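# Breakdown of the fold
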Amino acid sequence: MSDSASDSTDPTDCTEHRDPLSEAEVEALVRGICFKTGPPTTVGIELEWLIHELRSPRLPVTPERLEAAYAALESVPLGSALTVEPGGQLELSSPPAASLTEVVDTVSADLTAVRAALREQDLTLVGLGTDPWRTPRRFLREPRYDAMEACLDRTGPAGRAMMCTSASVQVCLDAGHEEPGPLGHGRRWWLAHTLGAVLMAAFANSPFLRGAPTGWRSSRQLLWMEIGAGRAGAPALDGDPRETWARHVLDAPVMCVRRDSGPWDVPERLTFREWTRTGSPTRADLDYHLTTLFPPVRPRGHLELRMIDAQSGEDGWTVPVAVTTALFDDQQAAETAYRAVKPLAERAEPLPAPHNPLWIDAARDGLTDPELREAAEICFAAALEALPRIGAGPALVDAVTAYRDRYVLTGRTPADDQLDRLRGTETRAHGKDLLS
């Protein structure tokens, strides 16, 4: 069973693409492979889940029980790829689907099968952006994760918490047309980084770390910010997406230098650009380097939107998937969303996401921020109008409507529900009812 950090290639395979790359070759490769343009026709999902004890969710799940659970899941037929995160979180990655309905149906069926298998192990999937109680503890012991941990430890404890106690809903969409317009790749790239703050605020679902409130609705996003701009930041939006991303990749720090055997090297203050000038990185090294960058929007041929917290409930994840897909792939909704969030761009200057004031306010305040709430209301209304046009059925429309009424129109997020439950049980054991 592979894990999600491997992406489309095997990062442990150090035998392929051994010819050294020049700086110019790296830039040309990145420009060519990270934005594949054309009409938006497919959608994909990557869902991360925490795994908890079914009857006593505050108790830690031992490595032995996780091993047994994943061994049992190997025999479960799935349409999605099942992979394992460093802390033992489970991830389902759908194949590209021709429609929103198709991808939701595929992943829903897979989740039903996974939940049934876990239930036999007295375990359950939990959709929260961060684990409310646990300290980070790594489940996977592999050279790449040893190296990742050593690298991220240099910026503080956020890296280990991200690796081991966080979970998300990631929506994967085509890059868009080569030409300008609402569905053009330049517009979609800009929209992903600006609307992304609204989506993150609207679906914030991680107000706790290690049993205590952090003061942020999305503590998961706080972790990404604390990891630093070189590893988890976006490039500037003031140029052609291919050019700015290629520069960002070259100027990003190298996480590790892989070896065929033994521990991997973890260099300090070595960018990939410097590596091309002083060493001999290969295509395989570049492919792996791309998987070690964690911006809120990652171009992988398509656009991978990474800013949404995991959602509570068996089908809570369907709402951000539906809203995001509608706002990007329906031309009318995309234009409405663009106009709604354009005024927010001034708050983002001068720093790229997620380290600018707009993204910080969204992660900390959620929809209590009046401007973010107003933009969310407009965007949810546009998404609801668009969903039938892109083939969504009544059940999905009803789910988005219910979420809009419960949270967006009241300026709340699921994080506020968690905080309310804690305030109502302050005299009981700390955090006892967070998952009620």
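These numbers come from a predicted model, not from an experiment. (Residues numbered from 1 in each chain as written. Predicted model: local features only at pLDDT ≥ 70, side-chain atom pairs only at ≥ 80, totals over all residues. Heavy atoms only, no water.)

Counting 127 residues, the largest nonpolar core has Leu90, Leu195 and Trp317 as its most contacted members. The biggest single contributor to this core is helix H6 (residues 185–202), with eleven residues. The residues touching Leu90, leaving out its near neighbours within four places in the chain, are Leu47, Glu48, Trp49, Ile51, Tyr70, Leu73, Leu82, Thr83, Val114 and Leu125. Grouped together as the second largest cluster of nonpolar side chains are five residues, Leu50, Val126, Leu128 and Ala167 included. (Core = buried A, V, L, I, M, F, W, Y, C linked by side-chain atoms within 4.5 Å. Buried < 20%, exposed > 50% of the residue type's maximum accessible area, 1.4 Å probe, protein only. Helix = DSSP H or I, 4+ residues; strand = E, 2+ residues; numbered from the N terminus. Contact = heavy atoms within 4.5 Å.)

With that settled, the discussion passes to the pattern of salt bridges. Tallied over the entire structure, the rule returns 38 salt bridges. Glu23 is the partner of Arg273 in a salt bridge, and the nearest nitrogen-oxygen pair spans 2.5 Å. Highlighted residues: Arg273 in helix H10 (residues 272–278) and Glu23 in helix H1 (residues 23–33), separated in sequence by 250 residues. On the accessibility criterion, Arg273 (15% relative accessible area) is buried. A salt bridge links Arg269 to Glu268; its shortest N-O distance comes to 3.6 Å. Among the charged side chains, a network of salt bridges with common partners joins Arg347, Asp361, Arg364, Asp365, Asp369 and Glu371. (Salt bridge = Lys/Arg side-chain N within 4 Å of Asp/Glu carboxyl O.)

When pLDDT is averaged across the protein, the result is 93; 93% of the residues are at 70 or more. Every residue in residues 1–15 scores below 50 in pLDDT, and together they form 42 contacts with partners more than four places removed in sequence or on other chains. (pLDDT = per-residue confidence, 0-100.)

So, about the environment of Ala234. Checked against the element boundaries, Ala234 lands in the loop between helix H8 (229–232) and helix H9 (241–251). Ala234 sits in the buried class, given a relative accessible area of 6%. In sequence terms Ala234 and Pro354 are 120 residues apart; their C-alpha atoms lie 7.1 Å from each other. Beyond its immediate sequence surroundings of up to four residues, Ala234 is in contact with His193, His248, Pro295, Pro296, Pro352, Ala353 and Pro354.

One ladder, built from four bridges, connects strand S2 (residues 81–84) with strand S3 (residues 90–93); its direction is antiparallel. Directly across from Leu82, in S3, lies its bridge partner Leu92. Connecting S2 to the antiparallel partner S3 that follows it, the hairpin turn spans five residues, and Gly88 within it adopts a positive phi of roughly 95°. (Pairing = 2+ DSSP bridges.)

The subject of this paragraph is the side chain of Asn205. Examined against the element boundaries, Asn205 turns out to sit in the loop between H6 and strand S6 (208–209). Separated by 3.2 Å, the side chain of Asn205 and the backbone oxygen of Gly127 make a polar contact. Polar contacts involving the side chain of Asn205 include one to the main-chain carbonyl oxygen of Ala310, which spans 2.9 Å. Once you skip the residues sitting within four places of it in the chain, Asn205 turns out to touch Gly127, Leu128, Gly129, Arg217, Asp309, Ala310, Gln311, Ser312, Pro414, Ala415 and Gln418. (Polar contact = N/O pair within 3.5 Å; in protein donor to acceptor, adjacent residues only side chain to side chain.)

In this section: the state of the cysteines. For the structure shown, the criterion picks out zero disulfides. For Cys34, which is in no disulfide, the shortest distance to another cysteine sulfur is to Cys172 and amounts to 14 Å. (Disulfide = S-S within 2.5 Å.)

In this section: the packing of aromatic side chains. With the rule as written, the count across this model stands at eleven aromatic pairs. Relative to Tyr288, the ring of Trp264 lies with its centre 5.8 Å away and its plane at 90°, an arrangement referred to as edge-to-face. Placement of Trp264 in the loop between H9 and H10 and of Tyr288 in helix H11 (residues 283–291) is noted, with a sequence separation of 24 residues between them. Summarising the burial analysis for this pair, Trp264 and Tyr288 share the class buried. With 5.4 Å between their ring centres and 75° between their planes, Phe272 and Trp275 make a pair best called edge-to-face. In this pair, Phe272 and Trp275 are both assigned in helix H10, three residues apart and thus about one turn of the helix distant. Cluster of aromatic residues (ring-pair linked, three or more members): Phe203, Phe380, Tyr403 and Tyr407. (Phe/Tyr/Trp six-rings, centres within 6.5 Å; stacked < 30°, edge-to-face > 60°.)

Only a minority of non-glycine residues have a phi that is not negative, and only a minority of peptide bonds are not trans. Of note, the amide linkage connecting Glu349 to Pro350 takes the cis form, showing an omega dihedral of 0°. Tracing the chain through its elements places Pro350 in the loop between helix H14 (345–348) and helix H15 (357–365). Residues Ala353 and Pro354 are joined by a peptide bond in cis, for which omega reads 0°. Looking at the element boundaries, Pro354 is found in the loop between H14 and H15. If you check the backbone angles, Asp122 has positive phi at about 60° while not being a glycine. Considering the arrangement of structural elements, one finds Asp122 in the loop between helix H3 (100–119) and strand S4 (123–126). Non-glycine residue Arg210 carries a positive phi angle of around 55°. Relative to the elements of secondary structure, Arg210 occurs in the loop between S6 and strand S7 (212–213). On the basis of relative accessible area, Arg210 is assigned to the exposed category, the value being 51%.

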